[in-house]
Amino acid sequence: MPLFDVYPLYNVTPVSAKGIHVYDDNGTEYLDLYGGHAVISIGHAHPNYLEAITNQVEKLGFYSNAIQNPLQKQLADKIESLSGCIDYELFLCNSGAEANENALKLASFKTGKSRVVAFKNGFHGRTSAAVAATDNPNVVAPINAQQKVTFLELNDIKGVKTELEKGDVCAVIVEFIQGVGGLDQGSAEFFEAVDKLCKANNTMFIADEVQSGYGRSGKFFAFQHYNVKPDIIPIAKGMGNGFPIGGILIHPNIESKYGMLGTTFGGNHLACAAGLAVLNTIEEENLIENANVVSEYFLSIAKTIPQIKKIKGRGLMLGLEFDFEVGDLRKELIYNHNIFTGGASNKKLLRILPPLNVRKEHINQFFEALKKVL
């Protein structure tokens, strides 16, 4: 049976990985500066991760959410401790799209309203409401387009105010650093004004941290660079270092009721073991501090390369913008220099999303290759 052909594929077949490197079926070593869409947060095959999921699967890999699972509470407490998001509650699911879907559903439950305000170049997933709030008509089917979503430009405070004062908006959803869209960011004035407008208009402020969360921005969450307090915080990609897990942090102003959210696989024992291993490793190895140190080093070199027209992002969620499309550049880096990087809907942008334990020598290797290609 053929696979449904929806992915353009590079001719590379990884068979193993360790730390910052991936190895293909020919034994070729690749430097991984993309982490599988920012999923690999603590490095491939980290010993803490392997031990945690091995020990757990030997005991109990899965049972339903109809029973007690103390690992979920341990994971919630660890997120609270490291993130500083005190008094939030945690609902676990399986992916970023599910996290955003549940966030939007919860906002609609809470407010009794149904319209969403989202932002141009934003990406929130491929499920029903999440994809409707994604600014890419190519991934929105007619069944999704029935959702009521208004797209505004980042930094359009006046537009947000106008829409919220119409009284039918349940949520404003925003990436504090846009991922797929190209690493654009709003201003501090904008984010803080949106937060206040939401609170004044019975609208839930959703901080989509699916890609930027867990230290990638240089803080545990990207919204923490600003003076805001989101109502709902979706998280996913880096949570499990490759094991599928997602979730939402929910402000206590939203009351839970039996049955309002649910999942079969979300928060399963293996997922929680993986999630705890990631958090423990981030803490033990000071990986958020490392993200800031390596980011500063990366930026210091990038600024010296004249072909780079703009540097975007924060921490280890970075973009290099050129005055040409980077598709061929990425191919040269993969096939001739054995380095994985990422693209974006901005075709002139090269995305860099390495594991948080990347080192300066890996950055040197990347820039040496980039200079040769340029």
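Residues numbered from 1 in each chain as written. Predicted model: local features only at pLDDT ≥ 70, side-chain atom pairs only at ≥ 80, totals over all residues. Heavy atoms only, no water.

### What to know about the environment of T13
Selection criterion: Secondary structure elements follow DSSP: runs of H or I of four or more residues count as helices, runs of E of two or more count as strands, with numbering from the N terminus. Throughout, exposure labels follow a simple rule: accessible area from a 1.4 Å probe, protein chains only, divided by the maximum for the residue type, with under 20% read as buried, over 50% as exposed, and the rest as partly exposed. We call two residues in contact when some of their heavy atoms are within 4.5 Å.
Note on placement: T13 falls in the segment before β1 (14-18). Judged by relative accessible area, which is 41%, T13 ranks as partly exposed. In the structure, T13 is positioned 10 residues away from Y23 in sequence and 8.3 Å away in space, judged by C-alpha atoms. Residues within four places of T13 in sequence aside, it is in contact with Y23, D24 and D25.

### Concerning the sheet that holds β1
In plain terms, the rule: A strand pair is defined by DSSP finding two or more bridges across the two strands.
Spatial strand order, β1-β2-β3-β13: four strands in an open sheet with mixed pairing. Whereas interior strands pair on both sides, the edge strands pair on one side only; in this sheet they are β1 and β13 (339-340). As defined by bridge partners, β1 adjoins strand β2 (residues 21-24) across four bridges and the pair is classed as antiparallel. Bridged to S16 within β2 is Y23.

### Notes on the environment of F243
Here F243 is to be found in the loop between β9 (232-235) and β10 (246-250). Of the residues examined, F243 reaches a relative accessible area of 23% and is grouped as partly exposed. The sequence separation of F243 and R359 amounts to 116 residues, and the corresponding C-alpha distance is 24 Å. Setting aside its immediate chain neighbours within four residues, F243 contacts Y49, N268, L270, A271 and A274.

### Some words on the packing of aromatic side chains
Aromatic ring pairs are described here by two measures, namely the spacing of the ring centres and the angle between the planes. Quick reminder of the rule: Each aromatic pair joins two rings of Phe, Tyr and Trp (for Trp, the six-membered one) with centres within 6.5 Å, and gets the label stacked for planes under 30 degrees apart, edge-to-face for over 60, and tilted for any other angle.
All chains considered together, the criterion is met by 17 aromatic pairs. With 5.6 Å between their ring centres and 15° between their planes, F221 and F223 make a pair best called stacked. Each member of the pair, F221 together with F223, is buried.

### With respect to the side chain of N357
Let me state the cut-off plainly: Under this definition, polar contacts are N or O atom pairs within 3.5 Å; protein pairs additionally need one hydrogen-donor-capable and one acceptor-capable atom, and for neighbouring residues in sequence, both atoms have to be side-chain atoms.
Structurally, N357 can be placed in the loop between β14 (349-352) and α11 (360-373). A distance of 2.8 Å separates a polar atom in the side chain of N357 from the backbone oxygen of I42. Ignoring anything within four residues of it in the chain, the contact list for N357 reads I20, S41, I42, G43, H46, L287 and N290.

### Quick notes on the packing of helix α9 (residues 287-302) against α11
The criterion, for reference: Only C-alpha atoms enter the line fits that serve as axes; for helices the fit covers just the stretch in contact. Angles between N-to-C directions range over 0 to 180 degrees. Each angle receives one of four descriptions, namely roughly parallel if under 35 degrees, roughly antiparallel if over 145, roughly perpendicular if within 65 to 115, and oblique otherwise. Handedness of a crossing follows from how the near helix is turned relative to the far one, being left-handed for an anticlockwise turn of less than a right angle and right-handed for a clockwise one. Charged residues are taken to be Asp, Glu, Lys and Arg, nonpolar residues to be Ala, Val, Leu, Ile, Met, Phe, Trp, Tyr, Cys and Pro, and polar residues to be all remaining types, Gly included.
Taken N-terminus to C-terminus, the directions of α9 and α11 make an angle of 25°; their axes are 10 Å apart at the nearest point. By the criterion of interaxial angle, the relationship of α9 to α11 is roughly parallel. The two elements α9 and α11 meet at a crossing, and its hand is right-handed. Touching V293, V294, Y297, F298, I301 and A302 of α9 are K360, I363, N364, F366 and F367, all from α11. Grouping the amino acids of the contact of α9 with α11 by side-chain chemistry returns nine nonpolar, one polar and one charged.

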